[in-house]
Number of protein chains: 2
Amino acid sequence: MKLLLSAFFVPLLFSAPMPAPWKSMPAVGHLTIDSSFAVEVRGFSDPRVDAAVHRFTARIARQTGIPIVGGKTILIVESATHGSDESYQLDISSDKAVLAASTAEGALHGLETFAQLIEPGHDGFQVPSVHIEDHPRFSWRGLMIDCSRHWMPLEVIERNLDAMAAVKLNVLHWHLSDDQGFRVESKRFPKLQQLGSDGHFYTQDEVRHVIAYARDRGIRVVPEFDIPGHTTSWFVGYPDLASAPGPYTIERKWGIFQPTMDPAREETFKFLDQFLGEMTALFPDRYFHLGGDEVDPTQWNQSASIQTFAHERHFATPDDIEAYFMQRAQVILKKYGKTMIGWDEILHPGLAPDAVIQSWRGPQALADAAKQGYRGILSFGYYLDHMNPASFHYAVDPQLDDQSSKLILGGEACMWTEFTSQETIDSRIWPRTAAIAERLWSPRDVTNVASMYDRLDAISRVLTSIGVGVNEQRMLDRIGRGAALRVLADASESLEIQGRRDARKYTSLVPLNRFVDAVPPESPMVRHLTQTAEKAASNPNASKAQIAELRAAFTEWTANDLQMSDNFLSAELIPLSRNLSNLGFIGLRALEFLADGKSPAPDWPAQQLQVIEGMEKPVAEVQLGAGRPVRILLNAISRNTSRPAEIEVNK
Amino acid sequence: MKLLLSAFFVPLLFSAPMPAPWKSMPAVGHLTIDSSFAVEVRGFSDPRVDAAVHRFTARIARQTGIPIVGGKTILIVESATHGSDESYQLDISSDKAVLAASTAEGALHGLETFAQLIEPGHDGFQVPSVHIEDHPRFSWRGLMIDCSRHWMPLEVIERNLDAMAAVKLNVLHWHLSDDQGFRVESKRFPKLQQLGSDGHFYTQDEVRHVIAYARDRGIRVVPEFDIPGHTTSWFVGYPDLASAPGPYTIERKWGIFQPTMDPAREETFKFLDQFLGEMTALFPDRYFHLGGDEVDPTQWNQSASIQTFAHERHFATPDDIEAYFMQRAQVILKKYGKTMIGWDEILHPGLAPDAVIQSWRGPQALADAAKQGYRGILSFGYYLDHMNPASFHYAVDPQLDDQSSKLILGGEACMWTEFTSQETIDSRIWPRTAAIAERLWSPRDVTNVASMYDRLDAISRVLTSIGVGVNEQRMLDRIGRGAALRVLADASESLEIQGRRDARKYTSLVPLNRFVDAVPPESPMVRHLTQTAEKAASNPNASKAQIAELRAAFTEWTANDLQMSDNFLSAELIPLSRNLSNLGFIGLRALEFLADGKSPAPDWPAQQLQVIEGMEKPVAEVQLGAGRPVRILLNAISRNTSRPAEIEVNK
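If you're wondering where the values come from, they're calculated on a predicted model, not measured in any experiment. (Residues numbered from 1 in each chain as written. Chains lettered and ligands numbered in written order. Predicted model: local features only at pLDDT ≥ 70, side-chain atom pairs only at ≥ 80, totals over all residues. Heavy atoms only, no water.)

J.: Got a minute to help me understand the overall build of chain A in this structure?
T.: The secondary structure content of chain A amounts to 26 helices and 18 strands. For 651 residues, the compact-globule estimate of 2.2 N^0.38 gives 26 Å, and chain A sits close to it at 27 Å. Here chain A holds 651 residues, and the buried ones make up 60% of them. Summarising the internal contacts of chain A: among those between residues at least 6 apart in sequence, 74% fall at separations of at least 24. The positive charge centre, built from 64 side chains, and the negative charge centre, built from 81, are 2 Å apart in chain A. (Helix = DSSP H or I, 4+ residues; strand = E, 2+ residues; numbered from the N terminus. Rg over C-alpha atoms; globule rule 2.2 N^0.38 Å. Buried < 20%, exposed > 50% of the residue type's maximum accessible area, 1.4 Å probe, protein only. Contact = heavy atoms within 4.5 Å. Lys, Arg positive; Asp, Glu negative; His and termini not counted. Charge placed at Lys NZ, Arg CZ, Asp CG, Glu CD.)

Written out as structure tokens, the structure is:
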């Protein structure tokens, strides 16, 4: 059995790093971590490795609560002679550990794995003896953060870079301009940030700081300036760039808007040349994202000069105009040594072959692009604002099953921020993005969902210690006092983007300070109780602990009444709170039938399931997730009740 | 009724600031806080007020979740013509608020009060209409932080300064040297920090940063360099200062140690003159603390040269030598324009009259000093490491009841850190210190404990949003997974200092990473359940919600089993966890007797009380606080059971 161990089984044996390593061979014994712990670096000339070791040692101290004074080299980080990517090898035995990598990035990943392996043992903190060989499945493992819809201060970016490093993501795709805000200082065109940002923008020094901070953590920064649509905020300061006369104001609503750059004026491209000249110097990465998505052709259709221009050039459709626009922009980027990335919509005849397509439309769009020889990045299925559970994202795989497979660079989780502020972004990105990170790093056949959630629980603690979620308690505290709100929040899940759009008229000026904003898209408590209910339902007699835990939770729900229901933030929660309490009573009743041997009326389970269905309708833009464990119990009772008597006798 | 309102009733009416203001006259109506909120400052030339208003506006945005874009002046901060202390007046009506103060400190306090008054109303966030007149009862309201026993990084100091400002404390007493570490950079005598600090010290730039940070928040910084005892760390670099030959090493144990400065050598005073010359220039405050406490006379008694010196000077006892030493030091301080503070022990004949006595021995020591005309600061009763509940500290009042009363400057909470690290210090200082802050600020007759705890709950949320307690979840997470540890922690209270000393051999190298370190001295959950139990016990029939809440808590306890009991950090908790579960069963039983009308065997309550007494014995250096609510129920049942039947009939 021991010889058959694969990555899949690792998490069941000891603290499991996430993403799961490619090869993990556990051995007997463990390495003790105490205050004498010291690290030696051999053969690396990259100062990033020394800086990472320094942060790593501080982290071990924080993680264990042991003041590390050093003195005994326990971990050796050495430069490997073979390989040139992000791979690493980690050999842990009972007297020392050796981490070998050929690049700084690989060394950083190995340190992270080591830190995640530390666990409290019988005598002290320890790392299990193990041989690990690990490398990424895809070279592009990104997170896109939209800082235009809602402004994200520097500390949000830093905190998320720390979190990205913890799950071995390596690309921050920084969405820096859109209709609702232009977020970078341009010295060449200062009215961009002066008039287009409400004062919320990153100075060039701050941009350099973020790039250095990211690079220290093995992360590249790819900026996105979305053109020719999604550009209202540019036009506040520079209305002549637009295809219709100004003046323009910063867009406050959400959606796709008409303002679009003028493709017919040479001045537009002169501006872009100067602007991109400045920005390509500021952002050192080889890749540069120019968006190109969701162009509303209204302004083009209504402009006489643009229509004349299109006619002269024999452009039959707005798509042709857009193709022209993006190809001109691509030429400018190439002049500055950059490779253009764009969303699906840039795929047109004539697009230069080195362009990279980021697909939000789906795997078919990616396959089409690959068939034409373009490299691609998958984001379809990784949209965090769709509020899907981690298991949904986990099942989405970027790989194409033909020879064009090698053209897929990887994938990117996308955090669009219409309904996400600096205060709520942590719970929208994390921990779900860790599941995406594992999909992009670990072997394709690491797909067991229960095992993924085990690791997700572990990585959630790492993320908390990084400071992710630092605002969450405050969000509940502002709505009301006491523990009741916490109980209700743990039982609830935020609606997806469409549900929120339908619920009320949102703009960028509507505060995201309601219960729905404090509630995560996927409740770990509900998930835990669902697992517990599954165990209890499958074998009630052997599930004393599970039944006790369910009884405690259900009893808490029955007693849960909001202590401050009389204000504008909590009033909408009254029906939700009442539903939770009623759900608790149904749950307690179900436990009686399941565990105490009593029998319900034959149609009782079905009736209750229907009641729960009513409770699961959206209230205050959230959904009661807590119905799931109760449903499991009811279904089990239903099966037991309808089972023929002779089978009962057989047991 | 409305006309009789005093400060005491205020918290029952609306969000209650802590410390409670001197005079609060509620009026009808409220002022709405929305995104147009803006503040205008009139007549202040102190840039601290502008900086404070800037922080204040950001805080309102954070507190409400509303992006404040400004535009409408809602709050006017104006310079008052009368008064010169920390007092302020705040007038809030339904269209605007006026805050008047004659000093920047007063304005800062008024802004804090305003922020604490914001609450969610029926239509939005609001501040109730009110007229407040407020001023401090004592001018010296301090917190001492010992950074020698355990090193406290800058962020700990900053976070605690923010928290101090929130409760209107105005003196940080910074204990910077002791046997276990010398924590400030001296350029004149660099071996002090180089050899005496394990590398953990504040640079002079950092000291200046802390002083400016504190000053911006209306807080003075008074440094303490404890002499002539508590000086081992000085002697590592400068052994000649000691009364016995070196070499010396940094002390790792806790207690009172022999190394003491040599009073017989003039070089000692020459050193002190140069050192204090440097430090008095670094710390601008008029007051300077030289300790003077707990001198072990062994080295003096065993030194021939010191004995000769004492004989020549006709010093009969070590006390006389100490008096001589401190008076020489006082002369040096005076030369540099400073007023000396010392602990009780400096009170000797010959002490210059401007010295200030900080009393750790008790009110009698303070009264004795005052009788001799010395000013005093009370710290007896405010020792946070004694792990008393907030109510204990709240009952300690510095005021003397005779004409020497005006000599009492105020009081100081003392955070000695033998058993407190940078990770655990927040839960040791806060929220209990808020109760001490109220004692030092609010009227003497504001003494209602239940009302204080109401405000303490409110200020706890303010403190959490400041970042106080940022490490607490991580401390539990390192011990084990799941919610069970959280439930156990909420039910437990850390032992006081003596209990910990007796439990195991602590030194500065023993990690403070166990359950006891994660557990606060006073559990808010237990306090809340105790109140709930009191209500339920006094009138079970009218306490449906209370009984439901108690049932939920007790059920949770019964189900609470540690999920990871098999490591060196959690193993010691097994009996504690078992006790809590058993306590839950007793509680559930008690609810049956109380609420469901069943009758126990006559001796059942007494038996159970005895069982609980056994459960309350210390385990793993903590005590089960959760027994208190159950005791209340048992006592009520006991009274009901033993009540003569005829009284029952009368009801």
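J.: Help me understand the packing of aromatic side chains, please; the structure alone is not making it clear to me.
T.: A ring pair, where both rings are aromatic, is described by two values, the distance of the centres and the angle of the planes. Residue and element names in this part refer to chain B. In total, this model carries 61 aromatic pairs over all chains according to the counting rule given. Ring centres of F189 and Y238 lie 5.7 Å apart, and the angle between their planes is 85°; on these two criteria the pair is classed as edge-to-face. Taken together, the positions of F189 in the loop between β10 (181-182) and α5 (191-196) and Y238 in the loop between α7 (232-237) and α8 (266-282) put the pair 49 residues apart, joining distant regions of the chain. Here Y238 falls in the buried class, since its relative accessible area comes to 16%. (Phe/Tyr/Trp six-rings, centres within 6.5 Å; stacked < 30°, edge-to-face > 60°.)

J.: Hey, could you run me through the interface of chain B and chain A in this one?
T.: The figure often quoted for interface size is the accessible area lost as the parts come together. At the junction of the two partners, chain B supplies 39 residues and chain A supplies 39 residues. Both faces considered, chain B and chain A share a buried interface measuring about 3,300 Å² in area, 61% of it formed by carbon and sulfur atoms. Of all residues in chain B, R461, R481 and F568 of chain B bury the most surface against chain A, accounting for 18% of the area lost on that side. Taken together, the connections running from chain B to chain A amount to 0 salt bridges. Joining chain B to chain A, the criterion identifies 12 residue pairs in polar contact (both at pLDDT 80 or more). Elements represented by at least two residues in the side of chain B that touches chain A include exactly α2 (47-64), α16 (449-466), α17 (472-477) and α22 (544-559) of chain B. With 7 residues, α22 of chain B is the largest single contributor of residues to the side of chain B that touches chain A. Looking at the side of chain B that touches chain A residue by residue, the class counts come to 13 nonpolar, 13 polar and 13 charged. (Buried area = accessible area lost by both parts, 1.4 Å probe. Salt bridge = Lys/Arg side-chain N within 4 Å of Asp/Glu carboxyl O. Polar contact = N/O pair within 3.5 Å; in protein donor to acceptor, adjacent residues only side chain to side chain. Nonpolar A, V, L, I, M, F, W, Y, C, P; charged D, E, K, R; others polar.)

J.: Got a minute to help me understand the pairing of strand β12 (residues 287-291) of chain B in this structure?
T.: Here is the key point about a regular strand: its side chains alternate between the two faces of the sheet. All names here are of chain B. Along β12, 5 of the 5 residues are buried, which leaves the element largely enclosed by surrounding structure. In β12, alternate side chains face the same way, and those of Y287, H289 and G291 on one face and F288 and L290 on the other are all buried. In the sheet, strand β11 (residues 220-227) pairs with β12 via 2 bridges, with the strands oriented parallel. Its bridge partner being in β12, I227 is matched across the sheet by G291. (Pairing = 2+ DSSP bridges.)

J.: Teacher, can you tell me more about the relation of the copies chain B and chain A here?
T.: Between the two chain copies there is a screw-like relation: a rotation about an axis and a shift along it. Rotating chain B by 180° about the axis while translating it 0.0 Å along that axis superimposes it on chain A, leaving an RMSD of 0.0 Å. Accordingly, the operation relating the two chain copies is best matched by a two-fold axis. When C-alpha positions in chain B are compared against the rotation axis, the closest is assigned to A552 of chain B, at 3.2 Å. Most of the interface of chain B is mirrored in chain A, where 100% of its interface residues again form contacts. (Least-squares fit on C-alpha atoms with pLDDT ≥ 70 in both.)

J.: Looking at this model, I keep getting lost on the pattern of salt bridges. Mind explaining?
T.: Side chains carrying opposite charge are able to pair once their charged atoms draw close together. Residues and elements named next belong to chain A. Counted according to the given criterion, the structure contains 78 salt bridges over all chains. Across the pair D517 and R500 runs a salt bridge whose closest N-O atoms are separated by 3.0 Å. In this pair, D517 is assigned in helix α20 (residues 515-518) and R500 in helix α19 (residues 497-503), connecting sequence segments 17 residues apart. Judged by relative accessible area, which is 1%, R500 ranks as buried.

J.: Help me understand the pairing of strand β16 (residues 408-415) of chain A, please; the structure alone is not making it clear to me.
T.: Residue and element names in this part refer to chain A. Of all 8 residues that make up β16, 8 are buried, and the element is covered over most of its length. In the sheet, strand β8 (residues 140-146) pairs with β16 via 6 bridges, with the strands oriented parallel. Opposite G142, over in β16, you have E412 as the bridge partner. Bridge count for strand β15 (residues 375-378) against β16 is 3 bridges, and the pairing is parallel. In the strand pairing of β16, G376 is matched with I408.

J.: Can you walk me through the packing of helix α23 (residues 574-595) of chain A against helix α24 (residues 604-615) of chain A in this structure?
T.: The packing of two helices is summarised by the inter-axis angle and the distance between the axes. All names here are of chain A. At a minimum axis distance of 11 Å, the contact between α23 and α24 shows a crossing angle of 160°. Considered as vectors, α23 and α24 are oriented roughly antiparallel to each other. Where α23 crosses over α24, the two elements pack in a sense that is left-handed. Across the interface between the two elements, N579, N582, L583, I586, R589, A590 and F593 from α23 touch W604, Q608, V611, I612 and M615 from α24. (Axes fitted to C-alpha atoms, helices over the stretch in contact; angles between N-to-C directions. Parallel < 35°, antiparallel > 145°, perpendicular 65-115°, else oblique. Left-handed = near helix turned anticlockwise from the far one by under 90°.)

J.: I would appreciate a short explanation of the side chain of T555 of chain B in the present structure.
T.: Mapped onto the elements, T555 of chain B comes out in helix α22. If we skip the residues at most four places from it in the chain, T555 of chain B touches R551, A552 and T555 of chain A together with L588 of chain B.

J.: Just checking my understanding: could you explain helix α4 (residues 154-166) of chain B for this structure?
T.: Since the α-helix advances by 3.6 residues per turn, residues separated by three or four positions end up pointing in the same direction. Residues and elements named next belong to chain B. With 13 residues, α4 ought to run about 18 Å at 1.5 Å a step, and its terminal C-alpha atoms sit 19 Å apart, in line with that. By the criterion of burial, α4 is predominantly enclosed, with 10 of the 13 residues buried. Taken residue by residue, α4 has L154, V156, I157, R159, N160, L161, A163, M164, A165 and A166 as its buried positions. As for α4, its buried residues are in contact with α3 (104-117), β8 (140-146), β9 (171-178), α6 (204-216), α14 (425-429) and α16. (Expected span 1.5 Å × (residues − 1).)

J.: What am I meant to see in α8 of chain B here?
T.: Residue and element names in this part refer to chain B. The terminal C-alpha atoms of α8, which comprises 17 residues, lie 24 Å apart, in line with the 24 Å expected from a rise of 1.5 Å per residue. Most of α8 is tucked away, with 12 of its 17 residues classed as buried. Along α8, the positions that sit buried rather than exposed are T268, F269, F271, L272, D273, F275, L276, G277, E278, M279, T280 and L282.

J.: Got a minute to help me understand the environment of I497 of chain B in this structure?
T.: Residue and element names in this part refer to chain B. By the element assignment, I497 lies in helix α19 (residues 497-503). Since its relative accessible area comes to 10%, I497 is described here as buried. Separated by 228 residues in the primary sequence, I497 and F269 have C-alpha atoms spaced 35 Å apart. With sequence-adjacent residues up to four places away left out, I497 is seen in contact with D385, H386 and F419.

J.: I keep staring at the nonpolar core and nothing clicks. Help me out?
T.: Most often, soluble globular proteins have nonpolar side chains that are buried together. Of all hydrophobic cores here, the largest spans 101 residues; its most connected members are W174 and W234 of chain A. With near-sequence residues (within four places) excluded, W174 of chain A lies in contact with I145, C147, I157, Y202, V207, V210, V221, V222, P223, E224 and F283 of chain A. If you look at the next biggest cluster of nonpolar residues, it comprises 96 residues, including L172, I211, I408 and L463 of chain B. (Core = buried A, V, L, I, M, F, W, Y, C linked by side-chain atoms within 4.5 Å.)

J.: Which parts of the structure should I look at to understand the environment of P443 of chain A?
T.: Residues and elements named next belong to chain A. By secondary structure assignment, the location of P443 is in the loop between α15 (432-441) and α16 (449-466). Judged by its relative accessible area of 7%, P443 is buried. Along the backbone, P443 and K23 are 420 residues apart, and their C-alpha atoms lie at a distance of 9.3 Å. Setting aside residues up to four positions removed in sequence, P443 forms contacts with A20, P21, W22 and R137.

J.: When you look at the side chain of S243 of chain A in this model, what are you seeing that I'm missing?
T.: Residues and elements named next belong to chain A. Positionally, S243 belongs in the loop between α7 (232-237) and α8 (266-282). Within the structure, the side chain of S243 is placed 2.9 Å from the backbone oxygen of M261, a separation counted as a polar contact. Other than its neighbours up to four places away in sequence, S243 contacts T260, M261, D262, P263, Q299, W300, S303 and I306.

J.: Is there a simple way to think about the confidence of the model for chain A in this case?
T.: Regions with low pLDDT should not have their predicted coordinates read in detail. Residue and element names in this part refer to chain A. Overall, the predicted model of chain A reaches an average pLDDT of 92, with 96% of residues at or above 70. Of the regions scoring below 50 in pLDDT, residues 1-14 engages in 18 contacts with residues more than four places distant in sequence or in other chains. A low-confidence stretch, residues 644-651 stays under pLDDT 50, and its non-local contacts, those more than four residues away or across chains, total 3 contacts. Note on the complex model: pTM 0.93, ipTM 0.89. (pLDDT = per-residue confidence, 0-100.)

J.: Sorry if this is basic, but what is going on with the environment of D178 of chain A here?
T.: Residue and element names in this part refer to chain A. Within the fold, D178 resides in strand β9 (residues 171-178). Separated by 56 residues in sequence, D178 and H122 have C-alpha atoms that sit 54 Å apart. Those residues in contact with D178, other than ones at most four positions away along the chain, are S148, R149, D226, H230 and S233. Engagement of the side chain of D178 in a polar contact is seen with the side chain of H230, the distance being 2.7 Å.

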